[in-house]
Amino acid sequence: MLFNSVPFLVFLPLFLAAYFATRGTARLTVCLVGSYLFYGWWDWRFLGLIAVSTGVDYLVGLRIAAAEAQRVKKAWLILSLVSNLGLLAVFKYFNFFLDSVYRATGFFGFSESPAFLAVILPVGISFYTFQTLSYSIDLYRGSIEVERSLLRFATYVAFFPQLVAGPIVRASLLLPQLRRDHPFLWSGFLLGLGQVLLGYVKKVAVADSLAPFVDRVFDAPEAFTPLSVLIGVVFYAFQIYCDFSGYSDIAIGLARMLGYDFGVNFDTPYFSKSFSEFWTRWHISLSSWLRDYLYIPLGGNRGGTLATYRNLMLTMLLGGLWHGASWNFVFWGFLHGLYLVVQRVLGPGYGRLVERLRVPGAVATGLQVAAVFALTCFAWIFFRSPTFATSWEVIGQVASIHRLSLADVQLKVVVLKGFLLIGALVSLELWSKTVVLPSLVLERPVARTFAFASALWVIVLFGTFDGGQFIYFQF
Amino acid sequence: MAVGDLWRRIGWGLALVAVVVAGDRALAAGLHAAVMQSGNRFAVLYRGDAPGGVLILGNSRGVNTFHQPTLEGLVGPPVFNASYNGMSTELSEVVLYDYVERNPEPELVVIEVTGVGADDDQLRDFFPFATESERLRAYLSETLPARVATARRLFALYNYNGEMLYRSLAAGGSDQGTINRYKISPALIAAADRQAPTQTRLRYGNAAALGRMVSFCQARGIPVRLVIGPYLPAFRAKLEGYDEWVDAVREAAGGAPVWDYSEATDDVTAFADRVHLNYRGARLLAPRLVEDGLFDPDVAGPASLAIPPPTASASP
């Protein structure tokens, strides 16, 4: 079920009624059944995968908790890692690796075509496997308590607001919240509803309005003028941001309406002054997951300069691969790893240069934000392009810009609408940095009424209602 | 929860619904006024401010083949271009009848006929004018899914969720000069050279509409010109069954001659893409159209017809 679909708009009020009418085990049952219905609406056959992942990690959790020897705990943890990563390997990466090997051996003259698996990627598999992995690892580390209720654990894995596209809510955050009943709180309900509406505005009005132009540019860059291709790249940066952060806002808002706190997943990332800051503001639940379960276990920044660079590169390469089974995603991860390394090398020098030249703070910050945004856009080219050939074609087009003239802008009306929406979004985000929006809006009934009504008007006036999928569903 | 709190929250919910509905209607009324007062070609048409003279109808090829400001300087009577991106001939038919009802009768109607293959991809853009024309309203409800009609009834603002709003706001005094100003890229020319042959298309509903439009004009004594604008030569070479398609168009139009300019120029810099001239191309083409007598009602047909009209003996 998609958040931006009619079935979901029917499902949600029914679910809310059943949720608040029940308590304890009955409420958990409502959550689990509702979540399985939500997921099974897409394809019920893949519920089995969630059930397997749930069952394995539930049992592993009990065994880790029961084991006294570290060696035994480790063996059970390895089983969890193998089963979860195995699911990912089969459903997400098997054909990719097979194809890569086939191409590599083909280069040396072998031409035997491998037997590819005829599987489709189960929606949300990357999210719920990482979620259950965090449970097993945290349990092994002794940082959380074992969950003995299968019903509660299954609800933790499948809880519908975050099931298919995150945020990746760790066991340490969600399981304790599932252990108590949350009464209906009007203030929490309104806060959640406000965030849900904001999420819909970002997704339906902004991301889906930018999508057609972006799709056309990346489908056939040669059909566009260089300036239009550049606009397509910038539009994609905002499309993916609004699409994914919009989904997160809806997920986090829904959880708030039900009384749960999922944390923050995006924090105005395009205002970042450095790439390390960017990664503390973009898809925070994934970047912090990679930091805690990959970067730090690899040694983090504790093993000297070169080891730190290696760890950064490895983390970002795997972060890229997490997004999808394609070398384009890997290269996107490589670029971000490179940015982080280069920033560590050049960052101090930049600071000294700014001081020596007495560049005003605002100008220096503006330059940093612009540079981070431009390089992020450059990396997005590889993320969005279906092939490397398309990426190079897009880069070639952008590099051939020799003038900035309105005459070179294609589909002017679409571009005008896109920039209008981006401008409004950036203004709202800048404003939200100077005021506490929730208290400004939600605590005043008149302001709240007009804020909610405005969100609906914006959705109706600018929204695209073609049932556009969320980009992160494919991951 | 206290009963007082409950009633307060229900009251707030009802107030929210009332504000949403009232604001929706008020904002939509404001946008309607803004669109109708703009220089958008269809606002001009539905206000009844179009000049008569030469009326041009068609899809985006109509927009980019006939640059109104250029033509107006070359042709005697005023010129009004009522073409629109993705416009089907069926929609052009609605616009033609609405034009004639509200404006001085045109002296000549020029139809760029490639809209016979169109599916009205941008039909929703015409919602802002639905209140102005019963005919357009009926066409919209026949053509679009029922859920769209429901959405339009629920939210008046939904009628302005389309390009027409932005085109109107950006139109200034007039949008008649709107045209692609950029030049086709070498990569796109190369892609046209490489591309597979492509089929020309004619949809039955559009063909029937074209026939009715021609009959309507003939019954009123308004000369009609059926025109095919230029294509990029490499793309034109890939159009399969082109001659048969032109025959079918002519037949649908009751045998009216087709002024075929599909191969009018080899100059690739005159194109914005494979199927559209740019500003330069339209400016280059305009004098030739005038010289050929396209806008002269006394000229019966093109002198150098690529596709001659059928003779009596050739007719079935």
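Up top is the structure these notes are about.
Since this is a predicted model, take the numbers as computed values, not measurements. (Residues numbered from 1 in each chain as written. Chains lettered and ligands numbered in written order. Predicted model: local features only at pLDDT ≥ 70, side-chain atom pairs only at ≥ 80, totals over all residues. Heavy atoms only, no water.)

Moving on to the overall build of chain A. Summing up its helical and strand segments, chain A has 19 helices and 0 strands in all. For chain A, the spread of C-alpha atoms along the three principal axes comes to 70 × 65 × 50 Å. Across the 475 residues in chain A, those meeting the buried criterion constitute 54%. Of the contacts made within chain A by residues no fewer than 6 positions apart, 75% connect residues no fewer than 24 positions apart. Looking at chain A as shown, the accessible area adds up to about 20,600 Å², and 69% of this sits on carbon and sulfur atoms. Here chain A holds 35 positive side-chain charges and 25 negative ones, and the gap between their average locations is 7 Å. (Helix = DSSP H or I, 4+ residues; strand = E, 2+ residues; numbered from the N terminus. Buried < 20%, exposed > 50% of the residue type's maximum accessible area, 1.4 Å probe, protein only. Contact = heavy atoms within 4.5 Å. Areas by Shrake-Rupley, 256 points an atom, 1.4 Å probe, with all protein chains shown as cover. Lys, Arg positive; Asp, Glu negative; His and termini not counted. Charge placed at Lys NZ, Arg CZ, Asp CG, Glu CD.)

Within chain B, the secondary structure is distributed over 13 helices and 7 strands. Oriented by its inertia axes, the alpha-carbon framework of chain B measures out at about 90 × 45 × 40 Å. Evaluated residue by residue, chain B yields a buried proportion of 53% over its 316 residues. Summed over its atoms, the accessible surface of chain B is roughly 13,300 Å², and 56% of this surface lies on carbon and sulfur atoms.

A few words now on the interface of chain B and chain A. Counting residues at the interface gives 26 residues for chain B and 28 residues for chain A. It is B:W12, B:Y166 and B:Y182 that lose the most area in chain B upon contact with chain A, and together they represent 30% of the buried surface on that side. Summed over the shared surface of chain B and chain A, the result is 0 salt bridges. Our count for the chain B to chain A interface comes out at 5 residue pairs in polar contact (both at pLDDT 80 or more). Only α1 (3–36), α8 (163–169) and α9 (186–194) of chain B provide two or more residues apiece to the side of chain B that touches chain A. Partitioning the side of chain B that touches chain A into residue classes produces 18 nonpolar, 3 polar and 5 charged. (Buried area = accessible area lost by both parts, 1.4 Å probe. Salt bridge = Lys/Arg side-chain N within 4 Å of Asp/Glu carboxyl O. Polar contact = N/O pair within 3.5 Å; in protein donor to acceptor, adjacent residues only side chain to side chain. Nonpolar A, V, L, I, M, F, W, Y, C, P; charged D, E, K, R; others polar.)

Taken together, the side chains of A:F334, A:L338, A:V342, A:V345 and A:L346 define a hydrophobic patch exposed on the protein surface, amounting to about 400 Å² of accessible area. Along the chain, A:L338 turns up in helix α14 (residues 327–357). (Patch = residues over 30% accessible without salt bridge, like charges linked within 9 Å, V, L, I, M, F, W, Y side chains within 5 Å.)

Our next topic: the sheet that holds strand β2 (residues 79–81) of chain B. Residue and element names in this part refer to chain B. Strand order across the open sheet formed by 5 strands is β2-β1-β3-β5-β7, with parallel pairing between neighbours. The outermost strands of the open sheet, each flanked by one partner alone, are β2 and β7 (258–260). Strand-to-strand twist in this sheet, taken as the mean axis angle between neighbours without regard to direction, amounts to 25°. Direction of pairing for strand β5 (residues 224–228) relative to β7: parallel, over a ladder of 3 bridges. (Pairing = 2+ DSSP bridges. Axes fitted to C-alpha atoms, helices over the stretch in contact; angles between N-to-C directions.)

Enumeration according to the criterion identifies 66 aromatic pairs over all chains in this entry. Between A:W186 and A:F189, the ring centres sit 6.3 Å apart and the planes meet at 10°, which makes this aromatic pair stacked. Pair noted here: A:W186 and A:F189 are both in helix α9 (residues 186–219), with a separation of 3 residues, about one helical turn. Using a relative accessible area of 16% as the deciding quantity, one classes A:F189 as buried. Its guanidinium or amino end placed over the ring of B:W12, A:R448 lies 4.7 Å from that ring's centre, counting from NZ or CZ. Looking at B:R152, its charged tip hangs above the ring of B:F127, at a distance of 4.4 Å from the centre. (Phe/Tyr/Trp six-rings, centres within 6.5 Å; stacked < 30°, edge-to-face > 60°. Lys NZ or Arg CZ within 6 Å of the ring centre and 35° of its normal.)

What follows concerns the environment of A:L197. Residues and elements named next belong to chain A. With respect to the helices and strands, L197 occurs in helix α9. Between the C-alpha atom of L197 and that of G418, which follows or precedes it by 221 residues, the distance is 20 Å. Not counting the four nearest positions on each side in its chain, L197 is found in contact with F452, A455, L456 and I459.

Here we take up the nonpolar core. Counting residues in each nonpolar core, the largest one holds 237 residues, and the members touching the most others are A:F8, A:Y270, B:F42, B:F129, B:L226 and B:F295. With 21 residues, helix α10 (residues 226–258) of chain A is the single largest residue contributor to this core. Looking at which domains feed residues into this core, each of domain 1 (6–181) and domain 2 (188–305 + 360–474) of chain A supplies at least three. (Core = buried A, V, L, I, M, F, W, Y, C linked by side-chain atoms within 4.5 Å. Domains from an automatic or database assignment.)

Another point: the side chain of B:S262. Residue and element names in this part refer to chain B. Note on placement: S262 falls in the loop between β7 and α13 (279–291). Residue class for S262 comes out buried when judged on its relative accessible area of 1%. Sequence-distant contacts of S262, that is, excluding residues within four places in its chain, are made with I228, G229, P230, Y231, R236 and Y242.

One pass over the structure, following the stated rule, counts 30 salt bridges over all chains. One salt bridge connects A:R281 with A:E277, and the closest N-O pair in it is separated by 3.1 Å. With respect to class, A:R281 is no different from A:E277; both count as buried. The shortest N-O distance in the salt bridge between B:D98 and B:R135 comes to 2.5 Å. With a gap of 37 residues between them, B:D98 in helix α5 (residues 89–102) and B:R135 in helix α6 (residues 134–143) connect regions that are remote in the sequence.

Moving on: α10(A). Along an α-helix, residues three or four apart share an orientation, since each turn contains 3.6 residues. With 33 residues, α10(A) ought to run about 48 Å at 1.5 Å a step, and its terminal C-alpha atoms sit 48 Å apart, in line with that. At the C-terminal side of α10(A), A:G259 shows a positive phi close to 105°. (Expected span 1.5 Å × (residues − 1).)

It is worth spelling out the side chain of B:N103 at this point. The topology assignment puts B:N103 in the loop between α5 and β3 (106–112). When neighbours within four sequence positions are excluded, B:N103 is seen to be in contact with B:V44, B:L45, B:G48, B:D49, B:A50 and B:D98.

With that out of the way, let us pick up the packing of helix α2 (residues 24–43) of chain A against helix α3 (residues 47–66) of chain A. Residues and elements named next belong to chain A. Here α2 crosses α3 at 135°, and the two axes come no closer than 9 Å. The angle between the axes of α2 and α3 places the two elements in the oblique class. The segment α2 lies against α3, with Y36, Y39, G40 and D43 engaging L47, I50, A51 and T54. When its residues are assigned to classes, the contact of α2 with α3 shows 5 nonpolar, 2 polar and 1 charged. (Parallel < 35°, antiparallel > 145°, perpendicular 65-115°, else oblique.)

A separate point is unusual backbone geometry. All names here are of chain A. Look at T268: it is not a glycine, yet its phi comes out positive at around 40°. Considering the arrangement of structural elements, one finds T268 in the loop between α10 and α11 (275–278). Its identity as a non-glycine residue notwithstanding, R358 has a phi of 55°, on the positive side. Looking at where R358 falls in the secondary structure, it is placed in the loop between α14 and α15 (361–384).

All names here are of chain B. Summarising burial for β5: 5 of the 5 residues are buried, a large majority. Direction of pairing for β3 relative to β5: parallel, over a ladder of 4 bridges. Within the sheet, the bridge partner assigned to V110 lies in β5 and is R225.

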